[in-house]
Amino acid sequence: MSKSVTLIRSTSLSSVAEYAYAATAPTEARLIFLAGSCPLNEDGSTAAVGDYAGQAAKAVDNLRTALSDAGASITDVISTRVLVASSSQEDLVSAWEVVRDAFGDHDAPSTLMGVTVLGYDDQLVEIEAIAAVVD
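In the annotation of an unreviewed UniProt entry, the protein chain is listed under the name RidA family protein and assigned to Rhodococcus baikonurensis.

Novice: Just give me the short version of the overall build of the protein chain, but keep the residues and values in it.
Specialist: What the protein chain contains, in helices and strands, is two helices and six strands. Taking 14 Å as the expected radius of gyration for a compact globule of 135 residues, we find that the protein chain reaches 15 Å, a close match to that expectation. Expressed as lengths along the three principal axes of its C-alpha atoms, the size of the protein chain is roughly 40 × 35 × 20 Å. Residue pairs in contact within the protein chain that sit at least 24 positions apart in sequence constitute 75% of those at least 6 positions apart.

Novice: Any chance you could break down the pairing of strand β6 (residues 125-133) for me, citing the residues and the numbers?
Specialist: By the criterion of burial, β6 is predominantly enclosed, with seven of the nine residues buried. Judged from the six bridges that link them, strand β3 (residues 30-37) and β6 form a sheet pairing that is antiparallel. Bridging from a neighbouring strand, Ile32 pairs with Ala131 of β6. Bridge count for strand β4 (residues 77-85) against β6 is seven bridges, and the pairing is antiparallel. Within β6, the position partnered with Ser79 by the bridge is Ile130.

Novice: Can you break down helix α2 (residues 89-103) residue by residue, with the values?
Specialist: With 15 residues, α2 extends 21 Å from end C-alpha to end C-alpha; this agrees with the ideal 21 Å at 1.5 Å per step. Inspection of α2 places Asp91, Leu92, Ala95, Trp96, Val99 and Phe103 among the buried residues, and these make up the whole buried set. Against the buried residues of α2 lie α1 (52-69), β4, β5 (110-115) and β6. Gly104 sits one or two positions beyond α2 and adopts a positive phi of about 55 degrees.

Novice: Explain the pattern of salt bridges to me, using residue names and the numbers behind them.
Specialist: Opposite charge on two side chains makes pairing possible when the charged atoms of those side chains draw close. In the structure shown here, the tally under the stated rule is five salt bridges. Close ionic contact of Glu18 with Arg100 constitutes a salt bridge, the shortest N to O distance being 3.0 Å. Separated by 82 residues along the polypeptide, Glu18 in the loop between β1 (6-8) and β2 (22-24) and Arg100 in helix α2 bring together distant segments of the chain. What makes Glu18 partly exposed here is its relative accessible area of 37%.

Novice: Could you give an account of the side chain of Ser37, with specific residues and numbers?
Specialist: Here Ser37 lies in strand β3. Within polar-contact distance, the side chain of Ser37 engages the backbone nitrogen of Leu63 at 3.1 Å. Contact partners of Ser37, with chain neighbours within four places excluded, come to Ala59, Asn62, Leu63, Val125, Glu126 and Ile127.

Novice: Any chance you could break down the packing of aromatic side chains for me, citing the residues and the numbers?
Specialist: For the coordinates displayed, the defined rule picks out two aromatic pairs. An angle of 70 degrees between the planes, with centres 6.1 Å apart, marks the rings of Tyr19 and Tyr21 as edge-to-face. By relative accessible area, which is 27% here, Tyr19 ends up partly exposed. Here Tyr19 and Trp96 contribute two aromatic rings whose centre-to-centre distance is 6.1 Å and whose plane-to-plane angle is 90 degrees, an arrangement assigned as edge-to-face. Taken as a pair, Tyr19 in the loop between β1 and β2 and Trp96 in helix α2 lie far apart in primary sequence, 77 residues in all. For Trp96, a relative accessible area of 11% corresponds to the buried category. Here the aromatic residues Tyr19, Tyr21 and Trp96 are joined through ring pairs into a cluster of three or more.

Reading the values: rules and limits
- Residues numbered from 1 in each chain as written.
- Predicted model: local features only at pLDDT ≥ 70, side-chain atom pairs only at ≥ 80, totals over all residues.
- Heavy atoms only, no water.
- Helix = DSSP H or I, 4+ residues; strand = E, 2+ residues; numbered from the N terminus.
- Rg over C-alpha atoms; globule rule 2.2 N^0.38 Å.
- Contact = heavy atoms within 4.5 Å.
- Buried < 20%, exposed > 50% of the residue type's maximum accessible area, 1.4 Å probe, protein only.
- Pairing = 2+ DSSP bridges.
- Expected span 1.5 Å × (residues − 1).
- Salt bridge = Lys/Arg side-chain N within 4 Å of Asp/Glu carboxyl O.
- Polar contact = N/O pair within 3.5 Å; in protein donor to acceptor, adjacent residues only side chain to side chain.
- Phe/Tyr/Trp six-rings, centres within 6.5 Å; stacked < 30°, edge-to-face > 60°.

Spelled out as structure tokens, the structure:
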């Protein structure tokens, strides 16, 4: 578990949410703002075309790589925003379940949003994240 990020669970809000409602980092933490993690293969092609869960898995893999390159891990994430190119709640949930499972017990605050379109050809999922580490 991260020594930098403290997840805060509210007893005044619904327990239905599958994430903490807030998170904090100590003042000495270095914040890492990650670009949206896309489901792109190393050659730039879009992975898992037409598959929300598959694209979410590839986006998580790419997020882990970007975090590692910045000196962090998934347990250092303080919040996420998961963007899904769909107006179907079922598609959003399909992507969310992959992200939720990847984070496991580190259920950082998150926002799940349906959007009209994302930037790459055939892209259905993108994950934005902020992380905090104490060096």
